[in-house]
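Single-letter residue listing:
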Amino acid sequence: MNRAGAYIDSLTEKLTTRFLNPKASALFVKGVFVFVLFRLIGLWLVSDMFLHDATASFPRSLIGKVVLWPTMFAHANPMLFFLATLAVILAGLILRPNYLVNALLFWIVLSLYKIRYPATNGSDVVLITISLLMIPLAFWPSSRNTYVTTLRTTLYNTFRILLQIQVLSIYLISGWDKLTSEVWRSGVAFDYIAHIDMMFNPVFTPMLEHSFIQLLMAWLTILFELLFIPMVCFRQTRLPILIIGVAFHIVIWLMLGLPDFAWMMIATYPIFLKDTDLVIIQNQWNRIRGVKAML
């Protein structure tokens, strides 16, 4: 009991007295801003398909109008909407993470979801949740008041953990669904995927013609999604599983033409990093550069 109490006291002190891994968290915040930036640019290029009065259905309540005001503004003046949104995103990329810009990003993400609604997918829902939980991941404005600082630190660390849980739950649910599905356990799922004419990249068709390859890829997918959870929690396996995850999602993107979900998940990976991991990555990068310079 004493050990448990000491552990709880130590954990409480850690969560309330200092920001956990601020550099890695800031990298995560910047990554989400970059993802939204590319999504904004993509929507901007095809805005005529979405921004017209025939598809506009605005709320009548005051709260609804406040929440979706950017959407209404986008329909009234698309160019100003995109320029203002771009300014907010660039501010988020340049400035230190702060509450106002993070909250504005969440407001923007909701608006983009409303505008893109006919073409939305699972990545939009993930992005909304991530951008909401990301609001407390801020370092500014700071305060000299002890109670305010403790509250800010506690919220920051708590929501950092909640963000990790959010991402892990995606892998857990997806992996468990596949594990309990005979279609996935038998590898037939990849045979179905290979016959999706509108999505599947025909370059990969020859690779999936063999049942053994289908079975192998199905189980590699299941194992990755389920093993990601424990492996990302340990220092020795954290970086390797994140690197594998990047490759995994890029393959999904190339194979199925689903860039949104792939890059959304990759953008969340820094939330699992620790500042010591960033030092390791920097040292490895410096070694690579040094070897290249010698050659």
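Note that this is a predicted model, so its numbers are computed, not measured. (Residues numbered from 1 in each chain as written. Predicted model: local features only at pLDDT ≥ 70, side-chain atom pairs only at ≥ 80, totals over all residues. Heavy atoms only, no water.)

**Student:** Explanation requested: the environment of L95 in the structure shown.
**Tutor:** Along the chain, L95 turns up in the loop between α6 (78-94) and α7 (99-115). Residue L95 is classed as partly exposed on the basis of its relative accessible area of 43%. Along the sequence, L95 and Y147 sit 52 residues apart, while their C-alpha atoms lie 25 Å from each other. (Helix = DSSP H or I, 4+ residues; strand = E, 2+ residues; numbered from the N terminus. Buried < 20%, exposed > 50% of the residue type's maximum accessible area, 1.4 Å probe, protein only.)

**Student:** Explain the nonpolar core here, please?
**Tutor:** One recurring pattern in soluble globular proteins is that nonpolar side chains are buried together. One finds F28 and F228 to be the most contacted residues of the largest nonpolar core, which totals 54 residues. For this core, the secondary structure elements donating two or more residues are α2 (22-45), α6, α7, α8 (122-133), α9 (146-179), α12 (211-231), α13 (235-256) and α14 (259-268). Here this core gets 11 residues from one element, more than from any other, and that element is α2. Once residues within four sequence positions are removed from consideration, F228 is found in contact with L168, Y171, L223, I241, L242, Y269 and F272. Counting 12 residues, the second largest nonpolar core, distinct from the first, contains W184, F190, L208 and M255. (Core = buried A, V, L, I, M, F, W, Y, C linked by side-chain atoms within 4.5 Å. Contact = heavy atoms within 4.5 Å.)

**Student:** Any chance you could explain the side chain of R116 here in plain terms?
**Tutor:** Structurally, the position occupied by R116 is in the loop between α7 and α8. With relative accessibility at 11%, the residue R116 sits in the buried group. A polar contact is formed between the side chain of R116 and the side chain of D260, at a distance of 3.5 Å. Sequence-distant contacts of R116, defined by excluding residues within four places in its chain, comprise R39, L43, F50, D124 and D260. (Polar contact = N/O pair within 3.5 Å; in protein donor to acceptor, adjacent residues only side chain to side chain.)

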